[in-house]
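# Examining the three-dimensional arrangement
This is what each chain is made of:
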Amino acid sequence: MTEYAVEIDSLVKMFGDNRAVDGVTLRVPKGSIYGVLGPNGAGKTTTINILATLLKPDGGSAKVFGHDVRKEAHTVRRMIGVTGQYASVDESLSATENLIVFGMLLGLKRKKAAERAAELLEEFGLTDAANRPLSKFSGGMRRRLDIAASLIVVPALMFLDEPTTGLDPRTRAQMWDTIRTLAAKGSTVMLTTQYLDEADNLADRIAVIDRGKVIAEGTPDELKSSVGSSTLILAMESRDQSARAREIASDVLGVTPKITDAGHIVAPIAGAGAVTDLLIRFREAGLGVQTITIKKPTLDEVFMAITGKTSEDAAEGEP
Amino acid sequence: MTDAAHGKTANRAGLRESVRQTSVMAYRVLLRIRRRPEELADVLIQPILFTLMFAYIFGGAISGDPVSYLPLLIPGILVQSVIMGSVSTGAGLRDDMDKGVFDRFRSLPIARAAPLAGASVANIVRYAIVVALTFAMGAVMGLRAEGGLIGILAAGLLVTAVAWCISWIFALIGVMVRSAAGVTGISMIILFPLTFLSNAFVPVDTLPPLLETVATVNPVSYLVTAVRELVNGAAITNDLWLSIAGAAVIVLIFAPLTVRAYMRKA
């Protein structure tokens, strides 16, 4: 038995001439939360849909717990749960009826399916809405019902495609709790997200995807250290000091800092120690510092460092 | 844990599982009808409205008076309404395949054809409603079925079975066409000529020669005649066997085609 929940090798999926997935290779360790991070149109959803047996790949291989998604699709389906970007529940039925039907399809008897439906509705705070038509459900309620439907039989591997897109902050926090609880109970979770903080908060490992390719992979800390351990942000007392301050900083730190539109000087630094030397040189040069900030890098900066653009820029560049 | 929960490791659903899953899918369609009874509007209104209209508009001209027209009309209405009811298999299927819930079905460890088979089975309820309503309407208006209860039951069974067979044509259209409205549109273009250019509402010898020929060879005419013979005398005729054979041929051709087209998309 393999140690990976998901093994993807050189996966390719074409839509016409567009290589939506262009040679993705990655490994998801069992029992982990794995984040697939990237802008819109990067190929995240396509990759998940191939793993969930909803799409057939054009090249490469994808295995779930060692089973090929093409040749052993039915076996793979026994082990996975999928919650997509759009609610995959029956709009014409009530929440309870949805869960009962899905439960019975999974082999539960009518009575057992009804019990499980009631449990899940309780767990996801939907008991009051159990018999209301789904057309009256908010986006958050729908998403919760969708996840509940994927948990009737707790899957060994759960795919969540942008589970918090479009949710308000409170519902988003609830969703994070649900995901952590699921992983704590032993399921592997593979989620896609456009939000860097979400991947940073939830995932044990992250793959950054852009234009169908994996451009970086590792733990959140590894990704962050790849762009320098910290970032220094300086605001001088007056803006006309910025250019001179940059020269000095460049000399002391050994890298050329950027000057932002607001006149702030931004530079990667190895550790806070280097700042002492810099401040002494500033005083000798008669430059005054207004504020000084040292930040651990965010995944936004990781994305910027790898692709040379911010995640928002990248998202705008794609349809 | 999932493997153990399902108690199976085979790479496909077994026959018993498939039958179970099909019945759950049929149950789902029935639940939906309970939530949205307006989806039954066609099978509820058509038998009542058409029987009333046709009987009082054409009854006098064709048979002298509305009641005398009923033995001719009721089987015709029955066949037409049931066949039209079978279109909803295709429209419902198209509707389903376009919705998010279909993605979930496709990711579940169930037989690939279960949603298709379930929809097909659930629609038998619609045919039964048409049969019951049409005969009830006939009885209210004064139809005296010489074939008795046996004849009526046999006629009901026959049209239900044939409609189920014919529904595979519309299921195929449903799988191929892009929208549910398109399914209904295309199906009606086929059905209106097919049901009206038959002996369903008039004796064929009143038609111009060309139409008479068309109506005589029209398979719908065989079914209408078979139903008439059952209702009006519990008689088993060649038309009955021909209708059953024709329906069987339709299933043998269209069911595999539909399943194949469906699997390619599912």
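Residues numbered from 1 in each chain as written. Chains lettered and ligands numbered in written order. Predicted model: local features only at pLDDT ≥ 70, side-chain atom pairs only at ≥ 80, totals over all residues. Heavy atoms only, no water.

The interface of chain A with chain B comprises 39 residues on the first partner and 35 residues on the second. Taking both sides of the interface into account, the surface hidden between chain A and chain B amounts to around 3300 Å²; carbon and sulfur atoms contribute 55%. Considering only the surface of chain A that becomes buried against chain B, His-74, Arg-78 and Leu-105 of chain A emerge as the three largest contributors, covering 25% of it. The interface formed by chain A and chain B includes four salt bridges. Between Arg-34 of chain B and Glu-97 of chain A there is a salt bridge, and its shortest N-O distance comes to 3.2 Å. The interface formed by chain A and chain B holds twelve residue pairs in polar contact (both at pLDDT 80 or more) in total. Looking at the side of chain A that touches chain B, the elements that each hand over two or more residues are α2 (73–77), β6 (80–83), α3 (95–105) and α5 (139–150) of chain A. Counting residues per element, the side of chain A that touches chain B draws most heavily on α3 of chain A, at five residues. Residues of the side of chain A that touches chain B, tallied by class, amount to 20 nonpolar, ten polar and nine charged. (Contact = heavy atoms within 4.5 Å. Buried area = accessible area lost by both parts, 1.4 Å probe. Salt bridge = Lys/Arg side-chain N within 4 Å of Asp/Glu carboxyl O. Polar contact = N/O pair within 3.5 Å; in protein donor to acceptor, adjacent residues only side chain to side chain. Helix = DSSP H or I, 4+ residues; strand = E, 2+ residues; numbered from the N terminus. Nonpolar A, V, L, I, M, F, W, Y, C, P; charged D, E, K, R; others polar.)

This brings us to the pattern of salt bridges. Summed over all chains, the structure comprises 26 salt bridges over all chains. Between Glu-217 of chain A and Arg-205 of chain A there is a salt bridge; the shortest N-O distance is 2.9 Å. Separated by twelve residues along the polypeptide, Glu-217 of chain A in strand β10 (residues 213–218) and Arg-205 of chain A in strand β9 (residues 205–210) bring together distant segments of the chain. With relative accessibility at 32%, the residue Glu-217 of chain A sits in the partly exposed group. A salt bridge links Arg-126 of chain B to Asp-42 of chain B; the shortest N-O distance between them is 2.8 Å. Of the two residues, Arg-126 of chain B is situated in helix α8 (residues 124–141) and Asp-42 of chain B in helix α3 (residues 41–63); the sequence distance between them amounts to 84 residues. What you see here is one network of salt bridges that share partners, running through Asp-90 of chain A together with Arg-28, Arg-32, Arg-36, Glu-39 and Asp-96 of chain B. (Buried < 20%, exposed > 50% of the residue type's maximum accessible area, 1.4 Å probe, protein only.)

Our next topic: the packing of helix α4 (residues 66–85) of chain B against helix α12 (residues 219–231) of chain B. Residues and elements named next belong to chain B. For the pair α4 and α12, the least separation of the axes is 9 Å and the interaxial angle reads 130°. Regarding the angle of α4 to α12, the classification is oblique. In the crossing of α4 with α12, the sense of the turn from one axis to the other is right-handed. Here Pro-71, Leu-72, Pro-75, Gly-76, Leu-78, Val-79 and Ile-83 of α4 lie close against α12, whose contacting residues are Val-220, Leu-223, Val-224, Val-227 and Arg-228. (Axes fitted to C-alpha atoms, helices over the stretch in contact; angles between N-to-C directions. Parallel < 35°, antiparallel > 145°, perpendicular 65-115°, else oblique. Left-handed = near helix turned anticlockwise from the far one by under 90°.)

This part takes up the packing of helix α9 (residues 148–176) of chain B against helix α13 (residues 238–265) of chain B. Describing two packed helices takes the angle between their axes plus the distance from one axis to the other. Residues and elements named next belong to chain B. Contact pair α9 / α13: the axes reach a minimum separation of 8 Å and the direction vectors enclose 30°. Considering the angle they form, α9 stands roughly parallel to α13. The two elements α9 and α13 cross, and the hand of that crossing is left-handed. For the contact of α9 with α13, a count of residues per class yields 21 nonpolar, two polar and one charged.

Moving on, we come to the sheet that holds strand β7 (residues 157–161) of chain A. Residue and element names in this part refer to chain A. Reading across from one edge, β6-β7-β8-β3-β9-β10 is the order of the six strands in this open sheet, with mixed pairing throughout. On the outer flanks of this sheet lie β6 and β10, each paired with one strand and no other. Along the sheet, successive strands turn relative to each other by an average axial angle of 15°, direction set aside. Here β6 runs beside β7; their pairing, made up of four bridges, is parallel. Its bridge partner lying in β7, Gly-81 is registered against Met-158. (Pairing = 2+ DSSP bridges.)

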